[in-house]
Amino acid sequence: MGFPLDEVARGIDRLLERIGGGRDAASTEDTLRWHTTGGVTIEAAAVPSESVTHPSFHARTRLILRGEAAPVEKVHRDIVYAFLRVGG
(Lines give C-alpha, C1' and ligand atoms only; values in the text may rest on other atoms or scores of the structure.)
Protein backbone atom coordinates (compact mmCIF):
# COMPACT_ATOMS: atom_id res chain seq x y z
CA MET A 1 0.00 0.00 0.00
CA GLY A 2 1.26 3.49 -0.74
CA PHE A 3 0.59 4.70 2.79
CA PRO A 4 2.87 4.78 5.84
CA LEU A 5 2.28 2.14 8.52
CA ASP A 6 0.72 4.51 11.06
CA GLU A 7 -1.83 5.75 8.51
CA VAL A 8 -2.72 2.19 7.52
CA ALA A 9 -3.12 1.29 11.20
CA ARG A 10 -5.53 4.18 11.80
CA GLY A 11 -7.54 3.21 8.73
CA ILE A 12 -7.81 -0.44 9.75
CA ASP A 13 -8.73 0.55 13.32
CA ARG A 14 -11.59 2.69 11.91
CA LEU A 15 -12.69 -0.10 9.55
CA LEU A 16 -12.78 -2.66 12.35
CA GLU A 17 -14.88 -0.33 14.49
CA ARG A 18 -17.47 -0.66 11.73
CA ILE A 19 -17.17 -4.36 10.79
CA GLY A 20 -16.08 -5.77 14.16
CA GLY A 21 -12.71 -6.79 15.49
CA GLY A 22 -9.69 -5.17 17.04
CA ARG A 23 -5.95 -4.94 17.39
CA ASP A 24 -4.08 -7.95 18.73
CA ALA A 25 -2.24 -7.46 22.00
CA ALA A 26 0.78 -9.19 20.43
CA SER A 27 1.27 -6.29 18.00
CA THR A 28 4.68 -4.68 18.11
CA GLU A 29 5.89 -1.30 16.90
CA ASP A 30 7.10 -2.88 13.63
CA THR A 31 4.33 -5.42 12.99
CA LEU A 32 0.70 -4.75 13.75
CA ARG A 33 -1.95 -7.46 13.91
CA TRP A 34 -5.75 -7.35 14.06
CA HIS A 35 -8.50 -9.97 14.18
CA THR A 36 -11.95 -9.50 12.67
CA THR A 37 -15.14 -11.03 13.98
CA GLY A 38 -15.23 -13.06 10.73
CA GLY A 39 -12.03 -14.92 11.65
CA VAL A 40 -9.66 -12.94 9.42
CA THR A 41 -6.21 -11.98 10.70
CA ILE A 42 -4.76 -8.77 9.27
CA GLU A 43 -1.04 -8.12 9.59
CA ALA A 44 0.68 -4.89 8.57
CA ALA A 45 4.38 -4.06 8.53
CA ALA A 46 6.65 -1.57 6.83
CA VAL A 47 8.04 -2.75 3.50
CA PRO A 48 11.74 -3.54 4.00
CA SER A 49 13.95 -1.09 2.08
CA GLU A 50 15.72 -3.98 0.31
CA SER A 51 12.34 -4.94 -1.22
CA VAL A 52 12.01 -1.57 -2.95
CA THR A 53 13.66 -2.27 -6.29
CA HIS A 54 12.23 0.49 -8.45
CA PRO A 55 12.46 4.22 -7.69
CA SER A 56 8.80 4.80 -8.57
CA PHE A 57 7.65 2.08 -6.18
CA HIS A 58 6.11 4.04 -3.33
CA ALA A 59 4.31 1.36 -1.33
CA ARG A 60 5.45 1.64 2.24
CA THR A 61 3.25 -0.90 4.03
CA ARG A 62 2.88 -4.62 3.44
CA LEU A 63 -0.57 -5.97 4.30
CA ILE A 64 -1.22 -9.70 4.79
CA LEU A 65 -4.69 -11.18 5.23
CA ARG A 66 -5.14 -14.72 6.58
CA GLY A 67 -8.24 -16.85 7.00
CA GLU A 68 -10.91 -18.58 4.95
CA ALA A 69 -11.21 -17.38 1.35
CA ALA A 70 -14.66 -15.74 1.43
CA PRO A 71 -14.16 -13.67 4.62
CA VAL A 72 -10.63 -12.67 3.49
CA GLU A 73 -11.97 -11.49 0.12
CA LYS A 74 -14.66 -9.41 1.84
CA VAL A 75 -12.18 -7.79 4.25
CA HIS A 76 -9.82 -7.15 1.32
CA ARG A 77 -12.61 -5.37 -0.59
CA ASP A 78 -13.51 -3.35 2.52
CA ILE A 79 -9.87 -2.26 2.97
CA VAL A 80 -9.42 -1.32 -0.69
CA TYR A 81 -12.69 0.63 -0.70
CA ALA A 82 -11.79 2.45 2.54
CA PHE A 83 -8.37 3.49 1.24
CA LEU A 84 -9.67 4.46 -2.22
CA ARG A 85 -12.10 6.80 -0.52
CA VAL A 86 -9.22 8.36 1.43
CA GLY A 87 -6.99 8.73 -1.62
CA GLY A 88 -9.47 9.92 -4.17
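In this text, all values refer to a predicted model and were calculated from it rather than measured experimentally.

> Explanation requested: the overall build of the protein chain in the structure shown.
Within the protein chain, the regular secondary structure consists of two helices and four strands. In the protein chain, the succession of α and β elements from N to C terminus is α-β-β-β-β-α. Within the protein chain, buried positions represent 31% of all 88 residues. Restricting the contact set of the protein chain to residue pairs at least 6 apart, pairs at least 24 apart contribute 40%. Looking at the protein chain as shown, the accessible area adds up to about 5700 Å², and 53% of this sits on carbon and sulfur atoms.

> Help me out: how do you make sense of the sheet that holds strand S4 (residues 61–66) in this one?
Strand pairing in a sheet is mediated by backbone hydrogen bonds. Such pairs are either parallel or antiparallel. In spatial order, the strands read S1-S2-S3-S4; together these four strands make up an open sheet with antiparallel pairing. Single-partner strands in this sheet number two, and they are strand S1 (21–23) and S4. For this sheet the average axis-to-axis angle between neighbouring strands, irrespective of direction, equals 15°. Summarising the sheet, S1 and strand S2 (residues 31–36) pair through three bridges and their orientation is antiparallel. When the sheet's bridge partners are listed, Gly21 is paired in S2 with Thr36. Packed on one face of the sheet, helix H1 (residues 5–19) meets S1, S2, strand S3 (41–46) and S4 and runs near 10° to S2.

> Honestly, the pattern of salt bridges in this entry has me stumped. Any pointers?
Side chains that carry opposite charge are capable of pairing whenever their charged atoms lie near each other. Inspection of every chain in the model, using the stated rule, returns five salt bridges. In this structure, Asp13 engages Arg23 in a salt bridge whose closest nitrogen and oxygen atoms are separated by 2.6 Å. Of this pair, Asp13 sits in helix H1 while Arg23 sits in strand S1, and the two are 10 residues apart along the sequence. The class for Asp13 is partly exposed, based on a relative accessible area of 27%. On the basis of relative accessible area, Arg23 is assigned to the partly exposed category, the value being 40%. Of the charged contacts, one joins Asp78 and Lys74 as a salt bridge, the two residues approaching to 3.0 Å between their closest N and O atoms. Separated by four residues within a single helix, Asp78 and Lys74 lie in helix H2 (residues 69–87), roughly one turn from each other.

Thresholds, definitions, all that
Residues numbered from 1 in each chain as written. Predicted model: local features only at pLDDT ≥ 70, side-chain atom pairs only at ≥ 80, totals over all residues. Heavy atoms only, no water. Helix = DSSP H or I, 4+ residues; strand = E, 2+ residues; numbered from the N terminus. Buried < 20%, exposed > 50% of the residue type's maximum accessible area, 1.4 Å probe, protein only. Contact = heavy atoms within 4.5 Å. Areas by Shrake-Rupley, 256 points an atom, 1.4 Å probe, with all protein chains shown as cover. Pairing = 2+ DSSP bridges. Axes fitted to C-alpha atoms, helices over the stretch in contact; angles between N-to-C directions. Salt bridge = Lys/Arg side-chain N within 4 Å of Asp/Glu carboxyl O.

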